[in-house]
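Reading the structure
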Amino acid sequence: MRLAGARVLVTGASSGIGAATALELSARGARLVLSGRDQEALAGVAARTGGQVVPADLSDPSADPSADLAVRAGPVDVLVACAGEGWSGPLDRMPGGTAERMIEVNLTAHVRLTRLLLPGMLERGRGHLVYVASIAGAVGVREEAVYAATKAGLLAFAESLRYELPAVDGNGVDGNGNGVGVTSVVPGVVDTAFFARRGRPYTRRRPAPVPPERVARAIAAAVERDRAEVYVPAWLRLPARLHGAAPGAFRALARRFGRP
Ligand SMILES: NC(=O)c1ccc[n+]([C@@H]2O[C@H](COP(=O)([O-])OP(=O)(O)OC[C@H]3O[C@@H](n4cnc5c(N)ncnc54)[C@H](OP(=O)(O)O)[C@@H]3O)[C@@H](O)[C@H]2O)c1
(Lines give C-alpha, C1' and ligand atoms only; values in the text may rest on other atoms or scores of the structure.)
Protein backbone atom coordinates (compact mmCIF):
# COMPACT_ATOMS: atom_id res chain seq x y z
CA MET A 1 0.00 0.00 0.00
CA ARG A 2 1.41 3.35 -1.02
CA LEU A 3 0.79 5.71 1.89
CA ALA A 4 1.12 8.85 -0.22
CA GLY A 5 -2.46 9.95 -0.90
CA ALA A 6 -4.02 7.07 1.08
CA ARG A 7 -6.87 7.98 3.44
CA VAL A 8 -6.13 6.58 6.90
CA LEU A 9 -8.44 6.40 9.93
CA VAL A 10 -6.49 6.26 13.20
CA THR A 11 -8.40 5.50 16.41
CA GLY A 12 -6.61 6.62 19.57
CA ALA A 13 -5.06 9.42 17.51
CA SER A 14 -5.16 11.92 20.37
CA SER A 15 -2.28 10.43 22.37
CA GLY A 16 0.75 8.14 22.54
CA ILE A 17 1.17 5.54 19.79
CA GLY A 18 -1.85 6.73 17.79
CA ALA A 19 -0.71 10.37 17.75
CA ALA A 20 2.85 9.35 16.80
CA THR A 21 1.45 7.12 14.04
CA ALA A 22 -0.66 9.98 12.67
CA LEU A 23 2.45 12.18 12.47
CA GLU A 24 4.51 9.45 10.82
CA LEU A 25 1.83 8.62 8.25
CA SER A 26 1.27 12.28 7.50
CA ALA A 27 5.01 12.71 6.86
CA ARG A 28 4.66 9.88 4.31
CA GLY A 29 1.85 11.70 2.51
CA ALA A 30 -1.24 10.03 3.99
CA ARG A 31 -4.52 11.93 4.45
CA LEU A 32 -5.72 11.39 7.98
CA VAL A 33 -8.96 10.94 9.85
CA LEU A 34 -8.18 11.34 13.55
CA SER A 35 -10.41 9.80 16.19
CA GLY A 36 -10.43 9.77 19.99
CA ARG A 37 -12.33 11.51 22.79
CA ASP A 38 -10.02 14.39 23.72
CA GLN A 39 -10.97 17.03 21.17
CA GLU A 40 -8.27 19.50 22.22
CA ALA A 41 -5.55 16.87 21.81
CA LEU A 42 -7.05 15.77 18.48
CA ALA A 43 -7.04 19.39 17.29
CA GLY A 44 -3.34 19.58 18.20
CA VAL A 45 -2.56 16.49 16.08
CA ALA A 46 -4.77 17.83 13.28
CA ALA A 47 -2.85 21.13 13.29
CA ARG A 48 0.37 19.18 12.67
CA THR A 49 -1.01 16.75 10.09
CA GLY A 50 -3.85 18.53 8.32
CA GLY A 51 -6.04 15.62 9.41
CA GLN A 52 -9.82 15.65 9.80
CA VAL A 53 -11.02 15.24 13.40
CA VAL A 54 -13.87 12.80 14.03
CA PRO A 55 -14.33 12.43 17.79
CA ALA A 56 -15.84 9.21 19.16
CA ASP A 57 -16.14 7.53 22.54
CA LEU A 58 -15.84 3.85 21.71
CA SER A 59 -16.89 2.69 25.18
CA ASP A 60 -20.64 3.04 24.71
CA PRO A 61 -22.16 -0.04 23.01
CA SER A 62 -25.71 1.35 23.14
CA ALA A 63 -24.82 4.40 21.03
CA ASP A 64 -22.96 2.30 18.41
CA PRO A 65 -20.08 4.79 18.13
CA SER A 66 -18.28 2.59 15.57
CA ALA A 67 -21.16 2.94 13.10
CA ASP A 68 -21.22 6.70 13.57
CA LEU A 69 -17.44 6.89 13.19
CA ALA A 70 -17.43 4.72 10.05
CA VAL A 71 -20.06 6.96 8.42
CA ARG A 72 -18.34 10.21 9.37
CA ALA A 73 -14.89 8.92 8.33
CA GLY A 74 -16.15 8.10 4.81
CA PRO A 75 -14.20 5.74 2.54
CA VAL A 76 -10.82 4.89 4.10
CA ASP A 77 -7.94 2.92 2.62
CA VAL A 78 -6.25 2.10 5.93
CA LEU A 79 -7.59 1.55 9.44
CA VAL A 80 -5.14 1.84 12.33
CA ALA A 81 -7.05 0.39 15.30
CA CYS A 82 -5.10 1.86 18.17
CA ALA A 83 -7.54 3.13 20.81
CA GLY A 84 -7.24 1.12 23.98
CA GLU A 85 -7.54 1.18 27.74
CA GLY A 86 -5.87 -0.94 30.40
CA TRP A 87 -6.44 -1.99 33.98
CA SER A 88 -3.94 -3.75 36.20
CA GLY A 89 -4.51 -5.57 39.47
CA PRO A 90 -5.87 -8.84 40.85
CA LEU A 91 -9.03 -9.84 38.98
CA ASP A 92 -11.07 -10.26 42.17
CA ARG A 93 -10.46 -6.57 42.97
CA MET A 94 -11.43 -5.24 39.56
CA PRO A 95 -14.31 -2.71 39.84
CA GLY A 96 -17.62 -3.65 38.19
CA GLY A 97 -17.92 -2.65 34.56
CA THR A 98 -14.16 -2.34 33.97
CA ALA A 99 -13.87 -5.64 32.11
CA GLU A 100 -16.88 -4.89 29.93
CA ARG A 101 -15.52 -1.45 29.10
CA MET A 102 -12.07 -2.76 28.12
CA ILE A 103 -13.60 -5.48 25.96
CA GLU A 104 -15.81 -2.88 24.27
CA VAL A 105 -13.09 -0.31 23.51
CA ASN A 106 -10.13 -2.60 22.82
CA LEU A 107 -11.89 -5.37 20.93
CA THR A 108 -15.60 -5.09 20.09
CA ALA A 109 -15.53 -1.52 18.76
CA HIS A 110 -12.66 -2.37 16.41
CA VAL A 111 -14.33 -5.58 15.22
CA ARG A 112 -17.47 -3.55 14.44
CA LEU A 113 -15.46 -0.80 12.75
CA THR A 114 -13.69 -3.37 10.59
CA ARG A 115 -17.00 -4.96 9.63
CA LEU A 116 -18.25 -1.56 8.47
CA LEU A 117 -15.11 -0.42 6.60
CA LEU A 118 -14.20 -3.71 4.94
CA PRO A 119 -16.89 -3.83 2.22
CA GLY A 120 -15.63 -0.51 0.80
CA MET A 121 -12.03 -1.74 0.83
CA LEU A 122 -13.02 -4.97 -0.94
CA GLU A 123 -15.07 -3.07 -3.48
CA ARG A 124 -12.17 -0.72 -4.26
CA GLY A 125 -9.74 -3.69 -4.29
CA ARG A 126 -7.39 -1.94 -1.89
CA GLY A 127 -7.05 -1.58 1.83
CA HIS A 128 -5.02 -2.30 4.93
CA LEU A 129 -6.10 -3.10 8.48
CA VAL A 130 -3.71 -2.54 11.39
CA TYR A 131 -4.47 -3.76 14.91
CA VAL A 132 -2.38 -2.47 17.79
CA ALA A 133 -2.37 -5.45 20.15
CA SER A 134 0.21 -6.11 22.89
CA ILE A 135 2.75 -8.65 24.05
CA ALA A 136 0.25 -9.22 26.88
CA GLY A 137 -2.09 -10.77 24.31
CA ALA A 138 0.64 -13.05 22.96
CA VAL A 139 1.94 -14.51 26.23
CA GLY A 140 -0.44 -13.40 29.02
CA VAL A 141 0.51 -11.11 31.90
CA ARG A 142 -0.20 -11.48 35.61
CA GLU A 143 -2.83 -9.05 36.91
CA GLU A 144 -3.75 -7.98 33.37
CA ALA A 145 -5.98 -10.93 32.52
CA VAL A 146 -8.84 -9.02 30.90
CA TYR A 147 -6.57 -6.57 29.07
CA ALA A 148 -4.48 -9.50 27.79
CA ALA A 149 -7.65 -11.29 26.68
CA THR A 150 -8.79 -8.27 24.63
CA LYS A 151 -5.40 -8.12 22.92
CA ALA A 152 -5.31 -11.90 22.33
CA GLY A 153 -8.74 -11.47 20.74
CA LEU A 154 -7.40 -8.76 18.43
CA LEU A 155 -4.45 -10.98 17.45
CA ALA A 156 -6.73 -13.93 16.59
CA PHE A 157 -9.11 -11.61 14.72
CA ALA A 158 -6.27 -10.16 12.62
CA GLU A 159 -4.69 -13.54 11.89
CA SER A 160 -8.01 -15.04 10.80
CA LEU A 161 -8.90 -12.05 8.62
CA ARG A 162 -5.54 -12.26 6.89
CA TYR A 163 -6.36 -15.83 5.80
CA GLU A 164 -9.80 -14.78 4.66
CA LEU A 165 -9.09 -11.64 2.64
CA PRO A 166 -7.69 -11.38 -0.90
CA ALA A 167 -3.92 -11.13 -0.53
CA VAL A 168 -2.05 -7.97 -1.49
CA ASP A 169 0.86 -9.93 -3.02
CA GLY A 170 -1.15 -11.05 -6.04
CA ASN A 171 -1.44 -14.66 -4.92
CA GLY A 172 -4.87 -13.96 -3.59
CA VAL A 173 -8.32 -14.15 -5.04
CA ASP A 174 -7.96 -11.73 -7.94
CA GLY A 175 -4.30 -12.46 -8.74
CA ASN A 176 -3.69 -8.80 -9.62
CA GLY A 177 -1.87 -7.60 -6.58
CA ASN A 178 -5.05 -5.97 -5.33
CA GLY A 179 -6.27 -6.96 -1.94
CA VAL A 180 -6.60 -6.05 1.69
CA GLY A 181 -3.58 -6.43 3.94
CA VAL A 182 -3.75 -7.10 7.67
CA THR A 183 -1.07 -6.33 10.27
CA SER A 184 -0.90 -7.23 13.96
CA VAL A 185 1.29 -4.86 15.94
CA VAL A 186 2.74 -6.34 19.14
CA PRO A 187 4.38 -3.67 21.27
CA GLY A 188 6.06 -4.37 24.58
CA VAL A 189 6.39 -1.41 26.93
CA VAL A 190 5.92 1.97 25.24
CA ASP A 191 6.55 5.33 26.85
CA THR A 192 3.04 6.84 26.78
CA ALA A 193 0.32 7.95 29.17
CA PHE A 194 -1.14 4.42 29.06
CA PHE A 195 0.23 3.30 32.44
CA ALA A 196 -0.72 6.47 34.34
CA ARG A 197 -4.19 6.33 32.83
CA ARG A 198 -4.78 2.72 33.81
CA GLY A 199 -3.98 3.70 37.40
CA ARG A 200 -0.76 1.75 37.84
CA PRO A 201 2.49 3.27 36.55
CA TYR A 202 5.20 1.14 34.95
CA THR A 203 7.98 0.95 37.52
CA ARG A 204 10.27 -1.82 36.24
CA ARG A 205 13.64 -0.92 34.79
CA ARG A 206 13.55 -3.72 32.24
CA PRO A 207 12.37 -4.01 29.59
CA ALA A 208 12.99 -0.30 29.07
CA PRO A 209 10.05 1.55 27.48
CA VAL A 210 10.46 2.37 23.78
CA PRO A 211 9.31 5.72 22.35
CA PRO A 212 5.92 5.71 20.58
CA GLU A 213 7.63 7.05 17.43
CA ARG A 214 9.37 3.68 17.09
CA VAL A 215 6.03 1.87 17.03
CA ALA A 216 4.74 4.47 14.56
CA ARG A 217 7.61 3.83 12.14
CA ALA A 218 7.02 0.07 12.40
CA ILE A 219 3.33 0.57 11.61
CA ALA A 220 4.07 2.73 8.55
CA ALA A 221 6.60 0.19 7.23
CA ALA A 222 4.19 -2.69 7.86
CA VAL A 223 1.47 -1.03 5.79
CA GLU A 224 3.88 -0.19 2.97
CA ARG A 225 5.32 -3.72 2.90
CA ASP A 226 2.22 -5.65 3.92
CA ARG A 227 3.74 -7.27 6.99
CA ALA A 228 1.53 -9.74 8.85
CA GLU A 229 2.98 -8.96 12.27
CA VAL A 230 5.48 -6.61 13.81
CA TYR A 231 6.99 -6.77 17.28
CA VAL A 232 8.33 -3.57 18.84
CA PRO A 233 11.05 -3.98 19.94
CA ALA A 234 11.85 -6.79 17.49
CA TRP A 235 13.40 -9.08 20.14
CA LEU A 236 9.94 -9.55 21.69
CA ARG A 237 9.33 -12.05 18.93
CA LEU A 238 11.55 -14.49 20.86
CA PRO A 239 9.48 -14.78 24.06
CA ALA A 240 6.34 -14.95 21.93
CA ARG A 241 7.81 -17.78 19.85
CA LEU A 242 9.06 -19.60 22.95
CA HIS A 243 5.63 -19.28 24.55
CA GLY A 244 4.05 -20.79 21.42
CA ALA A 245 6.57 -23.58 20.92
CA ALA A 246 7.36 -24.52 24.53
CA PRO A 247 4.81 -23.04 26.93
CA GLY A 248 6.10 -25.13 29.86
CA ALA A 249 9.64 -23.77 29.45
CA PHE A 250 8.25 -20.24 29.06
CA ARG A 251 6.29 -20.55 32.32
CA ALA A 252 9.32 -21.90 34.17
CA LEU A 253 11.47 -19.00 32.94
CA ALA A 254 8.75 -16.49 33.73
CA ARG A 255 8.51 -17.85 37.30
CA ARG A 256 12.26 -17.59 37.68
CA PHE A 257 12.74 -14.11 36.22
CA GLY A 258 9.64 -12.43 37.60
CA ARG A 259 6.72 -11.24 35.49
CA PRO A 260 4.53 -12.10 33.69
N1 LIG B 1 1.96 1.94 26.18
C2 LIG B 1 2.25 0.66 26.11
O3 LIG B 1 3.19 0.18 26.78
C4 LIG B 1 1.47 -0.27 25.22
C5 LIG B 1 1.97 -1.57 25.03
C6 LIG B 1 1.27 -2.44 24.20
C7 LIG B 1 0.10 -2.03 23.59
N8 LIG B 1 -0.38 -0.77 23.80
C9 LIG B 1 -1.62 -0.39 23.14
O10 LIG B 1 -1.38 0.75 22.33
C11 LIG B 1 -2.61 1.44 22.14
C12 LIG B 1 -2.36 2.93 22.34
O13 LIG B 1 -2.00 3.13 23.71
P14 LIG B 1 -0.94 4.23 24.15
O15 LIG B 1 0.18 3.52 24.80
O16 LIG B 1 -0.68 5.15 23.05
O17 LIG B 1 -1.76 4.91 25.35
P18 LIG B 1 -2.48 6.34 25.45
O19 LIG B 1 -1.49 7.41 25.25
O20 LIG B 1 -3.23 6.28 26.73
O21 LIG B 1 -3.49 6.36 24.21
C22 LIG B 1 -4.70 5.66 24.25
C23 LIG B 1 -5.57 6.17 23.13
O24 LIG B 1 -6.81 5.43 23.14
C25 LIG B 1 -7.88 6.34 23.11
N26 LIG B 1 -9.03 5.84 23.85
C27 LIG B 1 -9.04 5.31 25.09
N28 LIG B 1 -10.29 5.04 25.47
C29 LIG B 1 -11.10 5.43 24.45
C30 LIG B 1 -12.50 5.42 24.24
N31 LIG B 1 -13.35 4.98 25.19
N32 LIG B 1 -13.00 5.87 23.07
C33 LIG B 1 -12.15 6.34 22.11
N34 LIG B 1 -10.81 6.39 22.25
C35 LIG B 1 -10.30 5.94 23.41
C36 LIG B 1 -7.37 7.59 23.78
O37 LIG B 1 -8.13 8.69 23.34
P38 LIG B 1 -8.60 9.90 24.30
O39 LIG B 1 -7.40 10.25 25.12
O40 LIG B 1 -8.93 11.00 23.33
O41 LIG B 1 -9.70 9.42 25.09
C42 LIG B 1 -5.93 7.65 23.31
O43 LIG B 1 -5.84 8.31 22.07
C44 LIG B 1 -3.61 0.84 23.12
O45 LIG B 1 -4.48 -0.03 22.42
C46 LIG B 1 -2.74 0.04 24.07
O47 LIG B 1 -3.43 -1.07 24.60
C48 LIG B 1 0.29 0.13 24.60
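Residues numbered from 1 in each chain as written. Predicted model: local features only at pLDDT ≥ 70, side-chain atom pairs only at ≥ 80, totals over all residues. Heavy atoms only, no water.

1. Brief notes about the site of the ligand
Quick reminder of the rule: By convention in this text, a residue qualifies as near a molecule or strand provided that one of its non-hydrogen atoms is within 4 Å of it. Polar contacts here mean pairs of N or O atoms no more than 3.5 Å apart (in protein, one a potential hydrogen donor and the other a potential acceptor; neighbouring residues in sequence count only if both atoms are side-chain atoms). Here the accessible surface of atoms and residues is derived via Shrake-Rupley with a 1.4 Å probe, and residues count as covered only by protein chains that are part of the display. Put simply, DSSP H or I for four residues or longer makes a helix, DSSP E for two residues or longer makes a strand, and each gets a number counted from the N terminus. Classes in brief: Ala, Val, Leu, Ile, Met, Phe, Trp, Tyr, Cys and Pro nonpolar; Asp, Glu, Lys and Arg charged; the others, Gly included, polar.
Taken together, 33 residues lie near the ligand, and Ser 15, Arg 37, Tyr 147, Thr 192 and Arg 197 sit nearest. Gly 12 places a polar main-chain atom, nitrogen or oxygen, 3.0 Å from an oxygen atom of the ligand. In isolation the ligand offers 880 Å² of accessible surface; the protein chains occlude 98% of this area. Sorting the residues of the shell around the ligand by element identifies α1 (16–27), α4 (98–124), α6 (145–164) and α7 (194–198) as the ones contributing at least two each. The greatest single-element share of the shell around the ligand, amounting to 3 residues, is contributed by α7. A per-class count over the shell around the ligand returns 16 nonpolar, 10 polar and 7 charged.

2. Overview of the packing of aromatic side chains
In plain terms, the rule: What counts as a ring pair is set by centres within 6.5 Å for rings of Phe, Tyr and Trp (its six-membered ring), and what kind of pair is set by the plane angle: stacked under 30 degrees, edge-to-face over 60, tilted for all other angles. Whether a residue is buried, partly exposed or exposed follows from its accessible area with a 1.4 Å probe, protein chains only, as a fraction of its type maximum: under 20%, in between, or over 50%, in that order.
On inspection of all chains with the given rule, the structure shows 4 aromatic pairs. An angle of 40° between the planes, with centres 5.4 Å apart, marks the rings of Phe 195 and Tyr 202 as tilted. Tyr 202 sits in the partly exposed class, given a relative accessible area of 23%.

3. Description of unusual backbone geometry
Each neighbour pair has its own omega, and for Arg 206 with Pro 207 the value is -10°, a cis peptide bond. Residue Pro 233 is bonded to the preceding Val 232 through a cis peptide linkage, with omega at 0°. Tracing the backbone shows Pro 233 in the loop between β7 (229–232) and α9 (237–245). The residue Glu 143 is not glycine, and still its phi comes out positive at about 65°. For Asp 226, which is not glycine, the phi torsion reads 50° and is therefore positive. If you trace the backbone, Asp 226 turns up in the loop between α8 (212–225) and β7. On the accessibility criterion, Asp 226 (18% relative accessible area) is buried.

Read these as spatial facts, not as claims about activity.
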